[in-house]
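# Summary of the model geometry
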Amino acid sequence: MSRIVSALCLLPCLVLGSTPLTSRTAEPQLVTEVAGPGQTLADFLPGFTYTKTDIDPGVPPEGDLMGWAAFTRDGSRVILTNRATGNITVFNWATMQVERNVDVGSFPSAIAVTDSFAVITRAFADSVVIVRLSDWTIAARLQSGVQPWTVHVSPDQSRAYVACDISNTCEVYDLATLTRVATIANFRYFLSTYTFNSENGRWSATFSDFALTPDGSHIIVPDGIDTIFWINTATGEFADTLSGIGGCRFVSLSGDGRKAVIANSANPCVVRRIDLATREVDAGVTITGHSLMTYETAVDSAGAKAFLGISDNKSCLVRFATSDFKVFSNTYTAFWVGVSPDHRRAISGQYNFSIVDFALDSVLGQHSGNSQSVGAVSPAGTRAVGFDPHRHEGLYFYDYSSPGPGMFRGTTNAGADPEGDCPFGIALAPDGSRVISSGVLSDNAAIINVGTGTLDTVLPIADRPRNCAVTSDSRWALAASIATTTLRVIDLATGSIAATIAAGSGPTDIAIAPGDSLAYISNIVGNSITVVRLAGAASYKVADIPVGELGLVWAAYGICSGLAVSPTGEYVLSAVSFDDNVKVISATTNTVVATLAVGDFPLGVEFDSTGEYAIVTNYFGNSYTVMRIDGANSSVIGTFPTGQYPARLRRNPLRNEISLCTYSGKTLVTVNPQTGGVIRTESYSAYGPVYQVEFDESGNPIVLTGPTGSIPGHLHKGTDHIELPAVPSVFSCAPAAKMAAVAMPGPDWVSLVDWTPTGAFGGIRTLPDPGLHLPAVARGRVELTVNLPSQARVRLEVWNRAGRKTATILDATCPAGLTRLQWNPAGLGAGTYFVRLVAGNAACTRPLVLIR
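All of the points below concern the structure found in this document. (Residues numbered from 1 in each chain as written. Predicted model: local features only at pLDDT ≥ 70, side-chain atom pairs only at ≥ 80, totals over all residues. Heavy atoms only, no water.)

## Observations regarding the pairing of strand β14 (residues 179–184)
Here is the rule we go by: DSSP bridges decide pairing: two strands pair if at least two such bridges lie between them. A run of DSSP states H or I qualifies as a helix once it reaches four residues; a run of E qualifies as a strand once it reaches two. Both are numbered from the N-terminal end.
Sheet topology note: the strand β13 (residues 169–174)/β14 ladder contains five bridges and is antiparallel. Bridged to D174 within β14 is T179. Adjacent in sequence and paired antiparallel, β13 and β14 are bridged by four residues, among which L178 carries a positive phi angle near 55°.

## Quick word on unusual backbone geometry
With the exception of glycine, the majority of residues adopt a negative phi angle, and the majority of peptide bonds are in the trans configuration. Applicable threshold: Burial classes: relative accessible area under 20% of the type maximum marks a residue as buried, over 50% as exposed, and values in between as partly exposed (1.4 Å probe, protein chains only).
The amide bond that connects N267 to the next residue, P268, takes the cis arrangement and shows omega of 5°. On the secondary structure map, P268 appears in the loop between β22 (259–263) and β23 (269–275). For C422, which is not glycine, the phi torsion reads 60° and is therefore positive. Among the secondary structure elements, C422 is positioned in the loop between β36 (408–413) and β37 (423–428). In this structure C422 comes out as buried when scored by relative accessible area, which is 0%. You will see that Y645, though not glycine, has its phi angle at about 60°, which is positive. Here Y645 lies in the loop between β58 (635–641) and β59 (646–651). Residue classification places Y645 among the buried residues on the basis of a relative accessible area of 8%.

## Structural notes on the side chain of R122
For the record, the criterion: Note on charges: Lys and Arg go in the positive column, Asp and Glu in the negative column, and His and the chain ends are not counted at all. Salt bridge criterion: a side-chain nitrogen from Lys or Arg within 4 Å of a carboxyl oxygen from Asp or Glu. Polar contact is defined as a pair of N or O atoms within 3.5 Å, subject to the rule that within protein one atom must be able to donate a hydrogen and the other to accept it, and that residues adjacent in sequence are counted only when both atoms are side-chain atoms. Between two residues, a contact is recorded if the distance between any of their heavy atoms is within 4.5 Å.
Within the fold, R122 resides in strand β8 (residues 117–122). For the buried residue R122, which engages in no salt bridge, the nearest side chain bearing the opposite charge is D103, 7.5 Å off. Here S106 takes part through its backbone oxygen, which lies 3.1 Å from a polar atom of the side chain of R122. If near-sequence neighbours (up to four positions away) are discounted, R122 is found in contact with V104, G105, S106, F107, P108, S127, V129, R141 and P148.

## Some details on the packing of aromatic side chains
To describe a pair of aromatic rings, you give the distance between the ring centres and the angle between the ring planes. In plain terms, the rule: Pairing of aromatic side chains requires ring centres within 6.5 Å, counting the rings of Phe and Tyr and the six-membered ring of Trp. Pairs whose planes differ by under 30 degrees are stacked, by over 60 edge-to-face, and all others tilted. Lysine NZ or arginine CZ positioned within 6 Å of the ring centre and within 35 degrees of the ring normal marks a charge as sitting over the ring.
Tallied over the full model, the rule gives 25 aromatic pairs. With a centroid separation of 6.0 Å and an interplanar angle of 85°, the aromatic rings of F620 and Y645 are classed as edge-to-face. With a gap of 25 residues between them, F620 in the loop between β56 (613–618) and β57 (623–628) and Y645 in the loop between β58 and β59 connect regions that are remote in the sequence. Its relative accessible area of 29% is what places F620 among the partly exposed residues. The positively charged end of R24 is found above the aromatic ring belonging to F578, 3.8 Å away from the centroid.

Right, here's the structure in full:
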C-alpha cells in the first residue's frame, strides 16, 4: 500500500503535446498561446488546485513565480508579487535591496497603489488584500468575484476596481472604509495569452485591461470582439458603446486624458484613437505588413502618437496626424510597454530595454542583456524596473534620466537568498545519505540530508545548472551549467565546491565511468564531449572530443542527446541527434573511432551488461537501433519499430535486458540488446507520458510517468502506483538504500521516496516536513496533533481526491511544541481525504480514510 505524506498541490508545469520542439542551442522554449473566446487558465492548467506551498530546496522566505510589480507613488519603493510563495517583496529603490517580504496569502497577482495602500488581487483565493504602506501590515482581506486578476485605483484614490475573469464582474472597493461596496455584472474581461517555459515550468498569463476616465466617472472596457463599453462608476450601468473596432483587448489613455488608443489583433494591425468627449474614433492607422504582438500601448501627452510591439520582432511608433508609422527593429518586439510620467517618452522592455522619444520619433538609448516581459514605470522621476518570470526571479533596475547603456543599475532577487528554484536535475547518493538537486533558475545546487530531511547547504553553481551526478562511493558530486562552460566538483562530505573545471560550451549530460576515475560531459552548444579525470579537488580536464550536432527535445522539461559509458569503461557512446548517428569513442585514445548511422533523432543510448552491444532510441523515428560495439569495427545490427517517441532507456543491472520508455506511446518496452527482440511490453496507458525507468535492488522496474487529468504524475513499482505532488522532470534511484528522489521544477519541490523490504512503497516526503499526526482511518470525530519547532501561523485544511478543499480545521497561530485538536467531519462522505498542514513556510499532507 502507498501512503502520501507530502503537500498535495498540482502546480503548473509543461507537458508538450504531439509535436515536441527540438533545440540545437538548448535555449528554453517560451511558448505563448493566444486564448480563444471563453478560454480561462483552467484550459491551460488542468488540475491546478489553486493552493500555495513553499517547500522547495532553498531557504525561506523565497520569492517564486513573479507576477506583477508596481512603484509606490513617490517612486521610493517597488512592490513585487510572488505567486507561488504567497508573499510580496518590497525593494528600496535607492539601494535596490529587499526591505522586507510580507506574507499576504496564496497567489497574489496584480497591484495598484495609493498614497496609503497597496491593493493586491489574489486570483485563486477570490479575494483582495489591502496592505498599509506605512508599516506593511494587512489592513483588510476582502472577498471578490471568481479569479480577480487586474486592479486599478480611481484618480482620486478613493476606490479600487478589480476585474474578475470567471465571474465576469468588476468589484468596487471603498478605500476609506475598506469594504466592498458594489459589484458590476456582465463585465467584459478575459484571458488574453498564456506562456510557459519548457525547461523550468514557470508560466505567466496576460489578461485584457480596462481604463478609468480622468474624472473617475466611467470605466472604459473592450470586449475583445468588436465593441468598447463605457460603464458609469456611480451606478454600474452601461452608459455607451462604440462598435466596429475589431478585437481590442487593451485601452491606453493620453497624458492629458482626452484621448484613448486601442489596437486590434488583426493582420494587419489597426491602431485607432478615440476622442473621449465624443466617444468616437477620430483617427486610425493601419500597420501594413504587421500584426499586434503585445497589447500594451504607450501614448504621448496629447494622443498624437502611440508606441506598441508588433510582429517580426519589431516595435512601432504610430503617428495619427500624418496617418503613418515608423518601425523600429533595434527595440525588438516590445514585450512590455510603459510611459514616462510626463508622457514624453515610451519605455520598451525585451532583451533590449529602450527609451523612445515621442517628439523626435527615435530611440534615445538602450541597454542590452536582460530578457524581460513584464515591467513597471515609476509615477515619479525617471525610474523603471523590468523582469522575466521565466528566466530570472529578480528585478532589473533602470534610471533613464540619461538614456543609454548606463541606465541599468543592477538586479536583485525576489524573496531572499539562497533560493532553490526549479530543481531540474537530481542525483541520489548510492548509500542513500544525500541527494543533490540542481536549481536551473536559481543557479545553484541544494544538498539534502536524507536522514534528517533537511538542507545541508545550497551552493552557487553557474547559470542554468541542469544535470548532476554522484560517484559510486557517495563522496563526490558533479553539476554542469548549460548556459556556461563550467563543471563543478562538489565534496558531499563537507558540502563545498572542491573544483571548477572548464568544460565545453553548454555542458548537459554527465556519465561517470566505472571506478569513478573518469567523467564524460556532453556539450550541446559546443557539440563535443569533455573528458574529466576525477580526483576530488585535483580533478582536471583531459580532452574535448568533437562529435557533431547534439540537441534536445522539449519533452519532460527537456531531454538531451544521450551519453553512455560501457561497463568496462572501454568505450563511450554519444547520440548525435541532429546528425542521426551515434559516435563510438575510445576511452583510451579519446577519439571517435566509429560513426554509426541510426534512425531519426537518436536520443537515449545505453550499453548492455557486457559492453559488446548497445541500443539507441530514435525519438522521431519511433524506433530503436541495436548496435554491436567493437571500436572501429562497430556496426549496426538493425532498427526496430516501437511506440511513439521513444526517449530514455536503462540497462537492467541484474538481467541482460534494456528497457526503453515511449514518451507518448506510454509503454515500457524491454528488449534483448543483442538481437533487438522484444521480451515484454508494459502499458501505462492509464497514466501520463512515460518519462524514465530505473531498477530496484531486485531488478524490478521503477517507472516515472507525467501528468494525466488532474494528477501531476506517478512513480510506479510493481502494482503500486504512487501519486506525486507535482509534475516531475526526472528521478534518481539508490537501490541498495531502497530509495528514490524526484525533482519537480514547477513548484520547486524535491520528494524523497522509500520502499519497505517487502517491495511496497513506504512513503514519500516532500521537504521540509512539519509534524502532523492523525489516524490513518477514522469514524466520527478525528483527533489530530500538530508538532512545531517554533511558533507559527498554521492552516489545517482537508482536501478530497479531486483536489478540492472540503473543510478548514484550523487557521490560527500555534505555539512551539504539541497542539492537540479534535475535528468532526460531519457532512463529508466516506472515502479518502488529505489533511494538509501549512506552518509558516513548511507544509505536509497526510491521508485520512473516513468510514461510516
